[in-house]
Amino acid sequence: MTMRLIPLIVLCVTASSGLAQTTRAYHDEREKLLSNVVQLTRGFARAGESYFSPDMNWIIFQASIERDGHYQMYLAQPQWLGDLIGGLGRPVQIAPPNSRNTCGFFSPDGRRLMFASTVGKEKADEPMGGYRREGRSYSWSFPTGMEIFVADEWPQALPKSRVMDLKLRPLTDNEVYDAECAYSPDGKWICFTRGAGKDADIYVMRADGSNPVKVVATEGYDGGPFFSPDGKRLVYRSDRKGNDLLQIFVADLAFDDAGNITGMSEEHQLTNDNNVNWGPYWHPGGKHIIYATSAHGHHNYELYLMRDDGTQPTRITYAAGADVLPTFSPDGKWLLWTSKRTADGTTQVFAARFKMP
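Since the structure is predicted, the reported quantities are computational estimates derived from the model, not experimental observations.

Engineer: Looking at this structure, I do not really get the overall build of the chain. What am I missing?
Structural biologist: Helices and strands together make up the secondary structure of the chain, namely zero helices and 31 strands. Residue pairs in contact within the chain that sit at least 24 positions apart in sequence constitute 47% of those at least 6 positions apart.

Engineer: Which parts of the structure should I look at to understand the pairing of strand 25 (residues 277-282)?
Structural biologist: For a regular strand, the rule is simple: side chains alternate between the two faces of the sheet. Across the six residues of strand 25, six count as buried, placing the element largely inside the fold. Note: strand 25 against strand 26 (residues 288-293), four bridges, orientation antiparallel. Its bridge partner lying in strand 26, Y281 is registered against I290. Between strand 25 and the antiparallel strand that follows it, strand 26, lie five residues; G286 among them carries a positive phi value of about 80°.

Engineer: Can you walk me through the sheet that holds strand 5 (residues 46-52) in this structure?
Structural biologist: Strand pairs in the sheet, formed through backbone hydrogen bonds, run parallel or antiparallel to each other. Reading across the sheet, the four strands line up as 5-6-7-10 and stay open at both edges, with antiparallel pairing between neighbours. Bordering the open sheet on either side are strand 5 and strand 10 (92-93), each of which pairs with just one other strand. Pairing geometry for strand 7 (residues 72-76) and strand 10, over two bridges, is antiparallel. Paired with L75 across the bridge in strand 10 is V92.

Engineer: Honestly, the pattern of salt bridges in this entry has me stumped. Any pointers?
Structural biologist: Side-chain pairs of opposite charge can arise where the charged atoms are in close proximity. If you walk through the whole model with that rule in mind, you get 18 salt bridges. Across the pair R315 and E302 runs a salt bridge whose closest N-O atoms are separated by 3.4 Å. One end of the pair, R315, is in strand 28 (residues 314-315); the other, E302, is in strand 27 (residues 302-307), and 13 residues separate them in sequence. According to the relative accessible area criterion, E302 is buried, its value standing at 0%. By sharing partners, the salt bridges in this structure join K121, K123, E147, D173 and E175 into a single network.

Engineer: What's the story with the nonpolar core in this structure? I'm lost.
Structural biologist: The tendency in soluble globular proteins is for nonpolar side chains to be buried side by side. Membership of the largest hydrophobic core comes to 83 residues, with the highest contact counts inside it found for L75, I94, L113, W154, V204 and L234. Those residues within four positions of V204 in sequence are excluded, and the remaining contacts are W189, I190, C191, F192, N211, P212, V213, V215, F227, L234 and I261.

Engineer: Would you mind going over the side chain of T118 with me for this structure?
Structural biologist: Secondary-structure assignment places T118 in the loop between strand 12 (112-117) and strand 13 (130-134). Classification of T118 by relative accessible area gives buried; the value is 1%. If we ignore the near neighbours within four places in the chain, the residues touching T118 are S99, R100, P143, G145 and M146.

Engineer: What's the story with the packing of aromatic side chains in this structure? I'm lost.
Structural biologist: Two numbers describe a pair of aromatic rings. These are the distance of the centres and the angle of the planes. With the rule as written, the count across this model stands at 19 aromatic pairs. Arranged with centres 6.1 Å apart and planes meeting at 45°, the rings of Y51 and F226 form a pair that is tilted. Here the residue Y51 occupies a position in strand 5, and F226 occupies one in strand 21 (residues 222-227), the gap between them amounting to 175 residues. The class for F226 is buried, based on a relative accessible area of 11%. Aromatic pair Y51 and Y281: ring centres 6.2 Å apart, planes at 50°, arrangement tilted. Placement of Y51 in strand 5 and of Y281 in strand 25 is noted, with a sequence separation of 230 residues between them.

Engineer: Just checking my understanding: could you explain the environment of T172 for this structure?
Structural biologist: With respect to the element layout, T172 can be found in the loop between strand 16 (168-170) and strand 17 (177-183). Residue T172 is classed as buried on the basis of its relative accessible area, which comes to 5%. In this structure the side chain of T172 is engaged in a polar contact, spanning 3.3 Å, whose partner is the side chain of D178.

What counts and what doesn't
- Residues numbered from 1 in each chain as written.
- Predicted model: local features only at pLDDT ≥ 70, side-chain atom pairs only at ≥ 80, totals over all residues.
- Heavy atoms only, no water.
- Helix = DSSP H or I, 4+ residues; strand = E, 2+ residues; numbered from the N terminus.
- Contact = heavy atoms within 4.5 Å.
- Buried < 20%, exposed > 50% of the residue type's maximum accessible area, 1.4 Å probe, protein only.
- Pairing = 2+ DSSP bridges.
- Salt bridge = Lys/Arg side-chain N within 4 Å of Asp/Glu carboxyl O.
- Core = buried A, V, L, I, M, F, W, Y, C linked by side-chain atoms within 4.5 Å.
- Phe/Tyr/Trp six-rings, centres within 6.5 Å; stacked < 30°, edge-to-face > 60°.
- Polar contact = N/O pair within 3.5 Å; in protein donor to acceptor, adjacent residues only side chain to side chain.

Structure below.
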């Protein structure tokens, strides 16, 4: 089949000036479940991992002005044109200087936001955190100064300038990597990844940082967890075979009579192949999971949707370059993801209306 790219004129905002500009987003005609594709960020050397606020009036994402610079955390407002997103307002940096940052997330009531940061514990000689490709293999690195922070009542601190001075409260404080964090639907729990050396496990803790409980503990890396919409399961990725390939799992959580999470009652493996499958995220309906896979090459990650039992995989994206880190809006009508389908070859945040197959 001959690929035809459909250009869409959209309104965007540069990171450097904040001035409205027009740009083109390209939409492959085979992406029939996506429409109104919008490039949200530009002016960054790289940007990605974005999430909507509960009211869909904000997104939080990480980005770097410099190609080799550490990620900083940003907030910005989608520019709604009726029921469509036309672009993104001026990004506001919320990460403290001299730190590396990742994994921003809003609380279900919208009053708090959290992210992982090395603020106050930054070590310049440590490698970049997270999962990255090195030739034909992959590796995780865990900055030991990475902790999880929360900002209470952040809307009250919204600035008129491009930098926001948040009062951050640490939820963790130790000498290991704590990151990859997300709230439960009721806001009472946080799931996160705790790593050291070449090993990482999945934990949950109370929203105030108390009562950490290890849920997934196997050899190698287990991480990137998210609560299901009903709060009873976690989806995550695992490299427990040590073969540089990530697979996707779902764990049924165990609760005591008081409603406390005590661990895992059962685990289900959803993918088992020779690909890197990562960045899984729940659709708000609770029956489907979207994720990125290297099935079409390590330079051409694509997004797939599957049932929560691992069946009926459906390809979502077809553009050349990486399409990764997908997340849904709270109403399930919009998809945010990180893509290299840009005119300048940089990786940026995109949004599109999503149609369930």
